[in-house]
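Structural features, examined
The primary structure of each chain is shown beneath.
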Amino acid sequence: MAQAVGERVGASANGANVAMSIDHVTKYYKTKTGQVHALEDINLQIKQGEFVAIVGPSGCGKSTLLWGMSGLHDLSKGQIVLNGTPVTGPRPEIGMIFQEANLLPWRNLRQNINFPFEIKRKKVGPYEDRINQLLNEVGLAGFENKYPRELSGGMQQRASIVRCLSYDPEVILMDEPFGALDAFTRDEMNLLIQKLWMETGKTIIFVTHNVTEAIFLADRVVVLTPRPGRVAHVFDIDLPRPRTIDETFSPPFIEKVLEIKDTIMTGVYTPRS
Amino acid sequence: MASELRETIPTFGEAGGEEGGAGLTNWSALTGASTAKSAGEIGGLILVAVLLIGGLELAVRHFNVAPYVFPRPSDIGSSLLNDFDSFWPHMKVTIRELLVGFSIGASLGIMLAAIITQFPYVEKIVTPYVLLLVTTPMIALVPLLMLNYGFGSTPRYIAVTLAVFPMVMINSATGFRRTDLAKIALARSYGANTLQIFAKIRFPLALPMIIVGLMVGSIFGLLTAVGAEMVGGKNGLGNQLQVYASLIRMAQFWAIILLIALIGVSIYVIFFWIGKRWASWQA
Ligand SMILES: Nc1ncnc2c1ncn2[C@@H]1O[C@H](COP(=O)(O)OP(=O)(O)O)[C@@H](O)[C@H]1O
Ligand SMILES: [Mg+2]
C-alpha cells in the first residue's frame, strides 16, 4: 500500500503529493548590454501543504524564481509543473502576495477584495461568508469602506492577504511581502501567516531576505547562491508548531540562523559542530 | 506590451511616479485650489464681492466715468436682468458649440491617447504634431473654415473640436503612460486579458489626468467658441460682444462678458466635483 503510493507519479518519497515541481529551471535575461544569467539549474519539489521559504543575497534570483512559478515570466530552460501540468501562464490554483500590499488606490477595501472575482468573472456571493470570516480573522472587519490610503501599511498587507485567500487558491506565492513593514508589524504578520497556514493547509512559497522570518515560518528553507542562483542547500526546520516569537531567541533557533547566514555568505553549507 | 511584464519584475515604491510628465498641467492644479467652506470664509467672499462692486459703483459715479469707458455696475446688473431674454438664444448657441466640439474633441483625444501610448514609436512621431495643434490658436483657422463652410455653426464646431482635442489628448496620454507594472502584474496573475487590464488598471490610473485634460480642454473650447463667433457669423455670445461694442452699449457688453465668465466658472466647478468624486484617491 505505502509502496504503491510511493511509486505513483507526482508523489514524493514520504508519500505526500507534490504540489509543485521545479525541474532544471534556468533563466537568462536579455538586456541591451548582453545576457544576465539569473538562475542556473534549480531543482525543487514542493509538497502539498508545505511551507517553503527561499532566501539568498539580494539579486540572486529569488524573485525571478517566484515569478517563474507564477507563470507571469518565461523560463529559459527547464519547466515548472503544478499539479501535474506545466506552468505556461497565470494559473487559477495560484495566488500571489506582493511586496507592499499592491492594493488599487481607487478602490475601497471591499472593492479591492472583489477585484480577483471581477477579473475571473466569478460570483462573489458564494465566497461572501469566507471573506467576512477572513476579514474578521485579520482584524479588518468594519474597514470595508476605507480606501488604501486610510489604512496603515500592516492593514494594507493584511487586506492583500484576504484578497489572495478570498478565492481559495491552493498555492500561495509571496515575494518579500513584509519587507517594507517595521519589526513589530512584521512579527504580527508572521504570526498571522503561521495561523492562517495552519488553519488552511495551503502550500506557501515565501521569498524573503530575513533569515529569522524564514526559519520562523518554514518547513524548509532553500538557500540560493549569488547570481546565477543555484540551490546552495535546503534546510529542514523541524521546530514544533505553533512557533512563538520568543522561540526565535532560543539557542537552537539562533544556531539555525547562524548556519543559514553562513551558507548565504559562503554559498556552501558547512555544518557547525 | 505584454512583454514589458514578461521580462520585468516590478520594482515597488516608485510605482506610478511619472507625475507631471509631458502633460501641460498636473492634477494638483485642479485640487490644489482651496475653496471656501466655513461660514466665515463664505462671509468673507461675499464681503469682498460687495466691496468690489460697491467700490466700482462709487468710483464710476464719483469720477463721472463715461459709460463707454466703464458702465456703472448697477447698469450692468439691470441689463443682465432686463436683456437676458435677448441674450439667452445667443448663450444657447455658444453652449451648443461648446458641447458639440467638446464631445467630439474629447472622445477623439481620449481614444487616440489610449491607443498611441501603447506604441512608443507611433507616440514619438505623433506627439510633436499634437503639440503643434496645442500651441496654434484655432481661432486663426476660422476665416479659412468660413470660406469652405459658410457663416453657419460648422466652422465653429470644427474650431472648438480642434481646440479641445489636443489638450485632452496630451493630458490623457500623460495619464495612460503611467503604467504601474505591479498593478498590471496583479491583474495578470488573476488571468486578466488586455481589455480587462485596460478597463480596470490603465484607465483608472489615467483618469485623474484625463479629467485635468477635459477641464483644460473645455476652457480652451469656450475661448475658441467665443473667439470664432467674434471673427464671423451672426449669432453667439462672441458675435453679440461685437454688436454691442459697435453700438457703444457697454452695459450690455459687460453683461455678456459676465455670462461668458459664468460658463467658464461652471465648467471649473463641474470638473472640480467630477475630480473629487472619481480621482480623489490621487491627492
Ligand atoms: N528584467 C530584467 N532584465 C535584466 N536583468 C534582470 C531583470 N530582472 C532581474 N534582473 C537581474 O536578475 C538578477 C536576479 O534578480 P531578482 O530575481 O530580482 O533577484 P532577487 O529577487 O533575489 O533580489 C539580478 O541580478 C537582476 O539585476
Ligand atoms: Mg526580489
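How each quantity is defined
- Residues numbered from 1 in each chain as written.
- Chains lettered and ligands numbered in written order.
- Predicted model: local features only at pLDDT ≥ 70, side-chain atom pairs only at ≥ 80, totals over all residues.
- Heavy atoms only, no water.
- Domains from an automatic or database assignment.
- Contact = heavy atoms within 4.5 Å.
- Buried area = accessible area lost by both parts, 1.4 Å probe.
- Salt bridge = Lys/Arg side-chain N within 4 Å of Asp/Glu carboxyl O.
- Polar contact = N/O pair within 3.5 Å; in protein donor to acceptor, adjacent residues only side chain to side chain.
- Helix = DSSP H or I, 4+ residues; strand = E, 2+ residues; numbered from the N terminus.
- Buried < 20%, exposed > 50% of the residue type's maximum accessible area, 1.4 Å probe, protein only.
- Pairing = 2+ DSSP bridges.
- Axes fitted to C-alpha atoms, helices over the stretch in contact; angles between N-to-C directions.

**As for the domain arrangement of chain A**
Residue and element names in this part refer to chain A.
- Split into domains, chain A comes out as domain 1 (1–87 + 193–273) and domain 2 (94–168).
- Relative to domain 2, the C-alpha centre of domain 1 lies at a distance of 26 Å.
- Counting residues at the interface gives 12 residues for domain 1 and 9 residues for domain 2.
- Interface area for domain 1 against domain 2, summed over the two sides, is near 810 Å², with a carbon-plus-sulfur share of 76%.
- Note that Asp 168 and Lys 202 form a salt bridge whose closest N and O atoms lie 2.4 Å from each other.
- Joining domain 1 to domain 2, the criterion identifies 2 residue pairs in polar contact (both at pLDDT 80 or more).
- Contributing elements (two or more residues each) for the side of domain 1 that touches domain 2: α2 (62–70) and α6 (183–200).

**Quick look at the environment of Ile 113 of chain A**
All names here are of chain A.
- Along the chain, Ile 113 falls in helix α3 (residues 109–120).
- Classification of Ile 113 by relative accessible area gives buried; the value is 0%.
- Considered as a pair, Ile 113 and Ser 166 are 53 residues apart in the sequence and their alpha carbons are 7.3 Å apart.
- The contacts of Ile 113, once residues within four sequence positions are left out, are Ile 131, Leu 135, Ala 159, Val 162, Arg 163 and Ser 166.

**Notes on the sheet that holds strand β7 (residues 171–175) of chain A**
Residues and elements named next belong to chain A.
- Strand order in the open sheet made by the 6 strands is β6-β7-β8-β3-β9-β10, with mixed pairing throughout. Lying at the two open borders of the sheet, with one neighbouring strand each, are β6 (94–97) and β10 (231–236). On average, each strand axis in the sheet is tilted by 15 degrees relative to the strand beside it, whichever way the strands run.
- Examined bridge by bridge, strand β3 (residues 51–55) and strand β8 (residues 203–207) share 4 bridges and lie parallel to one another. When the bridges of β8 are listed, Val 52 appears paired with Ile 205.
- Helix-sheet contacts for helix α5 (residues 153–166) involve β6 and β7, and the interaxial angle to β6 is about 175 degrees.
- Helix-sheet contacts for helix α8 (residues 251–266) involve β3, β9 (220–224) and β10, and the interaxial angle to β10 is about 170 degrees.

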